[in-house]
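Working through the structure, step by step
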Amino acid sequence: MQTKTRQTLAALTLLTGALLAPSMATAGEKPGVVIQMSEADPAKWNLALNNANNLVTAMGGAHEVDVEIVAFGPGLSMLREDSPVSERLGVALSDGVKLAACGNTMKKMKVTDGDLYLGVTVVQAGVKEIVDRQRAGWSYVRP
């Protein structure tokens, strides 16, 4: 088996195990995973987008799991309309993956809502979004 495939399967197994943990969600709530992206590396973004897609698929669809990719710092640039992974962003959104941009980083980088890929949401602070999700019982992943 190729190394990349093994790594993807290992990551998916780890994520699925974390999602199925009894403390993850109470009855009636679906599990959630928040993925931190603070780098502008297209290869890492493709890995994160692969992880998000594989997780949604393995869990039975977006109606079974919440997945959110939160971008801040240099990672914000990859949520722009003209980023190298913009096509993949559209696929992720259509698969039910939420994409969130850090409002603080946007201000510092002078990025407007209009610069972002259509469908990306803006949160006040990316780090706060991640902390809030973890407090709510979501699993945390950083590819």
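For every chain, the first residue of the written sequence is number 1, and numbering continues from 1 onward in sequence order. Under the rules for a predicted model, residues below a pLDDT of 70 receive no local features and side-chain atom pairs below 80 are neither given nor counted, while totals for whole chains, interfaces and linings still include all residues. In computing side-chain values, all of the structure's heavy atoms are included and hydrogens and water are not.

A few points about the environment of isoleucine 69
- Along the chain, the position of isoleucine 69 falls in strand S2 (residues 66-71).
- Spatially, the C-alpha atom of isoleucine 69 lies 7.4 Å from that of valine 97, the residues being 28 residues apart in sequence.
- With sequence-adjacent residues up to four places away left out, isoleucine 69 is seen in contact with Ile35, Met37, Trp45, Ala48, Leu49, Ala52, Val97, Lys98, Leu99 and Ala100. A helix here means a DSSP run of H or I that spans at least four residues, while a strand means a run of E at least two residues long, and both kinds are numbered starting from the N terminus. Note on definitions: a residue-residue contact is assigned when non-hydrogen atoms from the two residues lie within 4.5 Å.

Notes on the environment of leucine 118
- Topologically, leucine 118 is positioned in the loop between helix H4 (103-109) and strand S4 (121-123).
- Per-residue accessibility, obtained with a 1.4 Å probe over protein chains only, is compared with the maximum for each type, and a residue is labelled buried under 20%, exposed over 50%, and partly exposed between these values. Using a relative accessible area of 73% as the deciding quantity, one classes leucine 118 as exposed.
- Along the chain, leucine 118 and serine 86 lie 32 residues apart, while their C-alpha atoms are 9.8 Å from each other.
- When sequence neighbours within four positions are dropped, the list of residues in contact with leucine 118 reads Glu81 and Leu93.

Digging into helix H3 (residues 86-94)
- The set of residues buried in H3 consists of Ser86, Leu89, Gly90 and Ala92. The buried residues of H3 occupy an angular sector of 160 degrees when projected down its axis, which confines them to one face. Exposed residues on H3 whose side chains face more than 90 degrees from its buried face are Glu87 and Ser94.
- Buried residues along H3 sit against helix H2 (42-58) and strand S3 (98-102). This arc is built from the directions going out from the helix axis to the C-beta atoms.

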